[in-house]
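Geometric and topological summary
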Amino acid sequence: NLFFEYLTVELGLASNTRLAYERDLRLFKEALGLKDNDALATVSREQVIRYMTGLKNKGLAAATIARKLAAIKSFYRFMTAEGYLEIAPAEVVEAGTKGIKLPKVLNQEEVLKLLEQPDLRTDEGYRDRTMLEVLYATGMRVSELLGLPVSGVNLQMKYIIAFGKGSKERLIPIGGIAVEYLDKYLNVVRPKLLHTKNPNVKNLFLSMSGNEMTRQRFWQIIRGYGHQAGLNKELTPHMLRHSFATHLLDNGADLRSVQELLGHSDIST
């Protein structure tokens, strides 16, 4: 329990990552047949290797295995740092190569087709177009877009403050087109979406009922417009983030700048 607290307080991991680590550690304990948490302090390097080998033999994806090992390593680093153990049994264990899987992207023509799909004559369509414009203009994660508060947008200075993984903030400049859509959305469309029962919602983008929009709903929206545009790709919100990065690089942007805009701690990502 102290370790799970450490993941949040000390490492600042996002709740989804923390929950995945908790799940991975419990599965590790069960796989080794350990009856209580104290027994985790007796695990040897050989046991960790056998466990990782078993995961590979089951055909799990390399990225999944790497994440599970990361959870185990984090736990034993915590154990040694806090003085419960002298040597971390998982420290020199490697998960093996993750492989290089390039992300799927839209070309610039496909992006334009997608952006043109929402019906700007309706409040819903205007909201959707604004969301797509902001997503493509900034490369934000969907969770960052949907959690973006109104206070995180500065139209005068043309930037957005994104709240990324581990509660890290980053400042992202936005272009003129996205600013135009945001200006009308904020002043005309969003006030109409605000529900009288819930007038204090801080999120920039709202559902048609005036509440916070869910990731599932946004995924449905973007997939629907993809079909409407005749794109022969299984469209996901993350694809616009990948497209944003790829198009910047294609047009001569500096790799470090793109890394900062995306909020990646590691440039290899």
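In short, a report on the structure. Everything numeric in this text was worked out from a predicted model, so none of it was measured.

What counts and what doesn't
- Residues numbered from 1 in each chain as written.
- Predicted model: local features only at pLDDT ≥ 70, side-chain atom pairs only at ≥ 80, totals over all residues.
- Heavy atoms only, no water.
- Helix = DSSP H or I, 4+ residues; strand = E, 2+ residues; numbered from the N terminus.
- Buried < 20%, exposed > 50% of the residue type's maximum accessible area, 1.4 Å probe, protein only.
- Contact = heavy atoms within 4.5 Å.
- Areas by Shrake-Rupley, 256 points an atom, 1.4 Å probe, with all protein chains shown as cover.
- Lys, Arg positive; Asp, Glu negative; His and termini not counted.
- Charge placed at Lys NZ, Arg CZ, Asp CG, Glu CD.
- Salt bridge = Lys/Arg side-chain N within 4 Å of Asp/Glu carboxyl O.
- Phe/Tyr/Trp six-rings, centres within 6.5 Å; stacked < 30°, edge-to-face > 60°.

This paragraph deals with the overall build of the protein. Across its full length, the protein carries eleven helices and three strands. For the protein, the sequential pattern of α-helices and β-strands runs α-α-α-α-α-α-α-β-β-β-α-α-α-α. Projected onto the principal axes, the alpha-carbon positions of the protein cover approximately 65 × 40 × 30 Å. Within the span of the protein, comprising 269 residues, buried residues form 41% of the whole. Across the protein, every contact between residues at least 6 apart in sequence was considered, and the portion connecting residues at least 24 apart equals 54%. When the accessible surface of the protein is summed, it comes to about 15,500 Å², and 50% of that surface belongs to carbon and sulfur atoms. Charge separation in the protein, taken as the distance between the mean sites of 36 positive and 30 negative side-chain charges, equals 4 Å.

Turning our eyes to something else, we now look at the environment of S257. Looking at the secondary structure, you find S257 in helix α11 (residues 255-262). Separated by twelve residues in the primary sequence, S257 and A245 place their C-alpha atoms 10.0 Å from one another.

What follows covers the pattern of salt bridges. As enumerated under the stated definition, the model contains 13 salt bridges in all. In this structure, K192 and D123 form a salt bridge, with 3.5 Å as the shortest nitrogen-oxygen distance. Of this pair, K192 sits in helix α8 (residues 176-193) while D123 sits in helix α6 (residues 123-138), and the two are 69 residues apart along the sequence. A relative accessible area of 26% places D123 in the partly exposed class. Here E144 makes a salt bridge to R141, at a shortest N to O gap of 2.6 Å. The class for E144 is buried, based on a relative accessible area of 3%. In this structure R141 comes out as buried when scored by relative accessible area, which is 10%. Via salt bridges that share partners, E124, R127, D128 and R217 belong to a single interconnected network.

Before going further, it helps to spend a moment on the packing of aromatic side chains. In this structure the tally under the stated criterion is nine aromatic pairs. Considering the side-chain rings of Y6 and F78, the 5.0 Å spacing of their centres and the 40 degrees angle between planes classify their relative orientation as tilted. One end of the pair, Y6, is in helix α1 (residues 2-9); the other, F78, is in helix α4 (residues 62-81), and 72 residues separate them in sequence. Note on F78: relative accessible area 6%, which makes it buried. Each residue in the set F3, F4, Y6, F75, Y76 and F78 is aromatic and connected to the rest through ring pairs, giving one cluster.

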